[in-house]
Amino acid sequence: LSGADTQQNLYMISFKNNPAVILVNDAEKINIDFDLKGFNYPDVKGSEATKEMYAFIKDFWQKDSILSDSYYRLDSIGKQGIHDSAYTMQLQQQYTKQLNALDDVIRNFIKKSNNPAAICFVLDKAKGAIAPDELNGMVLDASKRFPAHSGIAIFKSALAQAMQNENANAASALLNKPAPDLTMTDAKG
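What counts and how
- Residues numbered from 1 in each chain as written.
- Predicted model: local features only at pLDDT ≥ 70, side-chain atom pairs only at ≥ 80, totals over all residues.
- Heavy atoms only, no water.
- Helix = DSSP H or I, 4+ residues; strand = E, 2+ residues; numbered from the N terminus.
- Buried < 20%, exposed > 50% of the residue type's maximum accessible area, 1.4 Å probe, protein only.
- Contact = heavy atoms within 4.5 Å.
- Areas by Shrake-Rupley, 256 points an atom, 1.4 Å probe, with all protein chains shown as cover.
- Expected span 1.5 Å × (residues − 1).

A. Representation of the overall build of the protein chain. Along the protein chain, the regular secondary structure elements total five helices and four strands. Across the 189 residues of the protein chain, 29% fall into the buried class. Within the protein chain, counting contacts between residues at least 6 apart in sequence, those at least 24 apart form 45% of the total. Carbon and sulfur atoms make up 54% of the accessible area of the protein chain, which amounts to about 12800 Å² in all.

What follows is the structure in structure tokens.
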């Protein structure tokens, strides 16, 4: 395949009934060796951004798999009605650490990468994992580092719109509805 583009972008090459290959056009010549019979991480030569992105994908999915396992164990214990055991608390602490480790993979990549197309890919993964305010800060930082990259600009605009819509919905959630019951202590406690 060949082509020309003025900025880094993500490209996906797909084959009928086989997994797709993702690449970033950060070099003139990129070699990607992969297995058509099953998904293994491809061997990439010539594209540092693609290598970096696949390293992220591998680390992210490994941590996500471990997190999923902990979630299912906690869910199973919860369905059995066991809530206050020391084992449950230990699992919850473990789950929190694993969740933070997964989020840190995202944070560190976005902060350290010099590849705007790869950053766009990771920002998309961050949407479901990172709180909107923190994600907005990451997007603003990325847009300052890469002001001419259209993918980051589009992501920034879409996130700003989504946050504006969310704030508008939250502000009007109780509009024209009866005030909720309040329970609180009086001035004397």
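B. Spatial organisation of the environment of D103. Along the polypeptide, D103 turns up in helix α2 (residues 86-112). Residue class for D103 comes out buried when judged on its relative accessible area of 7%. C-alpha of D103 to C-alpha of K63: the two residues are 40 residues apart in sequence and 9.6 Å apart in space. Residues in contact with D103, not counting those within four places in the same chain, are A129 and I130.

C. Main features of helix α1 (residues 48-79). Its 32 residues place the ends of α1 46 Å apart at the C-alpha level, agreeing with the 46 Å of an ideal helix rising 1.5 Å per residue. Residues of α1 that are buried include every one of A49, T50, M53, Y54, F56, I57, F60, L67, S70, L74 and I77, and no others. Tucked inside the fold, the buried residues of α1 contact β1 (10-15), β2 (18-24), β3 (31-33), β4 (43-45), α2 and α3 (116-126). Positioned one or two residues after α1, G81 has a phi angle of 85 degrees, which is positive.

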